[in-house]
Structure formats: structure tokens, C-alpha cells
Amino acid sequence: MRKALSKRRIVNCANPPALSSSTSAPPTSYPRVESSPCFISPSAFPLAPHSTSSRFSRLRFVSQKALLGLSEKSCSTQASCTNLFSRTNLQVSPRNSSHPQARNSRSNRSQRLATSEAKRVFCLFLVAVFSRSFVAASGFVMSSSNLQKPLPLPSIIGHRGAKSVAPENTLASIHAAKRLGCTFVEVDVMLSNDKVACIHHDNTLDRCTNGRGFLWDQDIEALRALDAGSWFDKEFAGEKLPLLSEVIQICKDLNIGLNLEIKHATDKATDVPTPEEREREIELAEKVCADIVELDAAASSIVFSSFSRDAIRVLYEKLPHFKRSFLVEGLPEDWEDFVAQYECVSLNFNHKEVPNQKIAEISTRLPTYCYTVNEPERARELFALGVKGVFSDRPHIVREGLLIIDNVQEKVDTTVQSLPSSNMPPLRVAGYA
């Protein structure tokens, strides 16, 4: 008898012993939680990572039980313990398990421990759910944790290439920006009459070419015949209006990032587009998305931006894995909701249109970038307010000014890099002899 009592028996964890004669055996299968309309993925639980350990298994059991609408009060204590044993695969190694009194004592102790653990984890789960619900109900999902992610853009971005030293939105301007140390450039894309994506800022051709009229009224052959450099300096005579495909290729060759602005069709960025203008903006965005896919451009090297809400929506739907920035002049009332809805990685605005106090406030909630900043002193002030970067026509001037400031956000290599091609026009830096 004593020998029999001293035997140790390992109970199969998949078939735990019944806790009492009145307790029914646990079911052999359970409904799949994924099929429930209440299912929340494991990523929704910030309490602990998805793990195979018994502790986290119990967490998943309690979470699934709550999501399936099962009430703790509706379950008997013994049934709860039995389900917990079955779902978490707890192992029981009782001593003298053949003795009825010892077996009942161990069962009661395991029952109390399991019930206590379930209640504790369930309370933590409720706290997590209510916290998550509160954030979602606030209408904005950005927080300080988002600022810990890699920034979408560097602290200084060449505006339309480097438009103070070369004609804006040209290949020469991108080369100049690279030579001046830029790691990212911003350019604007539009659509010709025959639906070819090309790089130009104004809706009309008058200011930056020798052409006249609206760009979208001209076929690409006529646009490519225009001189896009002589207006800036005769040394850039013959510079062509570039295609989007050319810009993507040259940025790849120069190892430089691209902030591609999908141009709005309105006269002013703040104007409400007409139905015809909205249609043009949507058509442009869809064409750009198709070209990006066809060119197999890397998502890590391109950040889109636009004043057009329709364009942002198309980018979100067609190229969800690419980064998007919302461009504004001042701050519209619904900017928060829009940024959250379309998962924009930053808010880019005119630093002259937003008060400093407001800049500091929103910069604690998501990355902010300002345009167009050409003075180092103003750039320093904006960085102190929490702005992550500035778009500048004179990136070299701003950079040189910031290098003497202790709180500059990043160290920049000021070594002038040689131009990749010897047939490039000479570089003339504004403000220098």
C-alpha cells in the first residue's frame, strides 16, 4: 500500500483529471476565435507578446473568453478551472495521486491558483482594452511613441532640387542639391495632355520655361522641346523639362531620396477644387501610382506629399506601403482626423502661417516639416520648437549656419562631392562671388 502511494504519476496535460464527479469533462474542441466578429488580433493586446508559455497562454484564454462574450459569473468555479487547465495545457504532477484525499486537496489548490490568476490577467486585459478604446475614441492615433520611429525625411530637404543655384525642378537642380550635400530633394509632378507624368511646379509654363499657357494643354513632345533653363541663367540654356521616370532614375543613381509632391489643380493651394479640378488631381495621382509600380521604385526612397486630399486618398488606396505627408498652408480644422484616417507620416506646412506656440504643440504629436525656410536663424528656431525638418531653396546656407549651433538635429558632412557627370553645367552659388 505504501509503495503504491509513493508512486508518481504524470498526468497527460491534454487530458487533465476531473476535479469532481459533478464536473463535466472539458470539451475536446473550442470555437475558433478568429471566426468571431469580435476577434481582436494579438497585436491589439499591449500587455505581453504572443508567447507559448503558460502565463501568456492564460492571457490568451482569458482574452478569448472575454471576446466570445462568456461571463466569469456564469461559469462555475470548477468548470472555469477545468477550461483553464485544458486551454493552457498546464501540467500536473501530483504526489501520492492515488490517494483520494490527496488528489482532492491538490485539485482544490490548483483550482484556487488558476482562478486567481485568471481574474488578475482578466483585469489587466480590461485595462488594456479600455485604454485602447479611449485612444481610438479620441479621433487621433498619433502619440509620442510615433516620434520614436524613423523619420520620413531628413532635417534639411532641397526645395525643387536646389532652386537657388540651378533652375528649379530640373535634373541640373537635383545634381546641384546632391553636390551641396542634400540627401533628399523635393520636386513637383504634373500630367501632360497626353497623360505623361513630368516635373514642373506652376500650372502654367510662363515663369519657368519659354512656353505659354497651361502645362496640361500641351503634349509631352511639345513640352520636351521647351527651354527650362535659360530663364534662370544662360549657362543652363537647353535644360529640358524632365520626365518623372528620369527623376526617379537619377535619384537612384545619385543615392538621393525623393519627396514627390502631387500637384493640386487649383490656382492656390487653399482653394476648394471644382469637380473638374478634382478629376484632374485624381487622374494625376492614379497615373503616378501606375508609373511608380511600373518603374519598380523602392518605397524606402520616396515620400509622397500633396495639398490635394483626393490625391492623398488615391495614394493611400493604390500605394499603401509608401509614405504620405499631408501638405497645408495653415492648419485646417480637421487636419488631425485627415492625418489619422490616411495614415500620413508627417504634417508639412508653411512656417509663416502657423504660430510658434501651435507649431510646438503639434510637433509633440507627430513629425512636422516646414517650408520654405532659407535663413539659418529661423531654421534654428523651428528646430527648437520641435520641427523635424525644413524645405529650403538654399540648403547649403541653412546647413552651414546650423553647424555652429549645439542643438542641431544631425551632423552633416560638408565635404563637397564631385558631380557625377563632367558635362554638367557649372555650379553658381547664390550669395557668393
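Keep in mind that what you see is a predicted model, and the values were worked out from it rather than measured.

Another point: the side chain of glutamate 261. Position of glutamate 261 relative to the elements: it lies in strand β4 (residues 257-262). For glutamate 261, a relative accessible area of 7% gives the class buried. Not counting residues up to four positions away in its chain, the partners in contact with glutamate 261 are Glu186, Val187, Asp188, Val189, Ser305, Ser306, Phe307 and Leu327.

A separate point is the pattern of salt bridges. Close approach of charged atoms lets side chains of opposite charge pair. This model, assessed by the stated rule, comprises 19 salt bridges. The salt bridge involving arginine 212 is made with aspartate 206; its shortest N-O contact spans 4.0 Å. Accessibility expressed as a relative area gives 37% for aspartate 206, which makes it partly exposed. For aspartate 291, the salt bridge is made with lysine 287, and the minimal N-O distance between the two is 3.2 Å. With aspartate 291 and lysine 287 both in helix α8 (residues 275-295) and four residues apart, the pair spans about one turn of that helix. We classify aspartate 291 as buried; its relative accessible area is 11%. Salt bridges sharing partners connect three or more residues here, namely Arg160, Lys163, Glu168, Asp188, Asp202 and Arg207.

On to the nonpolar core. Core analysis: the largest hydrophobic core is formed by 39 residues, its most contacted members being Leu258, Leu260, Ile262, Val288, Ile292 and Phe304. Of all the elements in the fold, those that place two or more residues in this core are α5 (171-179), β2 (184-191), β3 (197-199), α7 (244-254), β4, α8, β5 (302-306) and α9 (309-318). Of all the elements, α7 adds the most residues to this core, at six residues. Each residue touching phenylalanine 304, except ones within four places of it in the same chain, is listed here: Asn259, Leu260, Ile262, Val288, Ile292, Leu315, Leu319, Phe322, Lys323, Arg324 and Ser325. Counting residues in each nonpolar core, the second largest holds 24 residues, with Ile312, Leu366, Cys370 and Leu402 among its members.

Analysis parameters
Numbers given for residues are sequential positions, taken from 1 along each chain in its written order. With pLDDT at 70 or above as the cut-off, local features in this predicted model cover only qualifying residues; side-chain atom pairs require 80 or more to be listed or tallied, and sums for whole chains, interfaces and linings still use all residues. Note that the side-chain values use all heavy atoms of the structure and ignore hydrogens as well as water. Counting from the N terminus, the helices are the DSSP runs of H or I reaching at least four residues and the strands are the DSSP runs of E reaching at least two. Accessibility here uses a 1.4 Å probe with only protein chains present; expressed as a share of the type maximum, an area under 20% marks a residue as buried, one over 50% as exposed, and anything in between as partly exposed. By the convention used here, residues are in contact when the closest approach between their heavy atoms is within 4.5 Å. Salt bridge criterion: a side-chain nitrogen from Lys or Arg within 4 Å of a carboxyl oxygen from Asp or Glu. We define a nonpolar core as any set of buried Ala, Val, Leu, Ile, Met, Phe, Trp, Tyr and Cys residues linked to one another through side-chain atoms lying within 4.5 Å.

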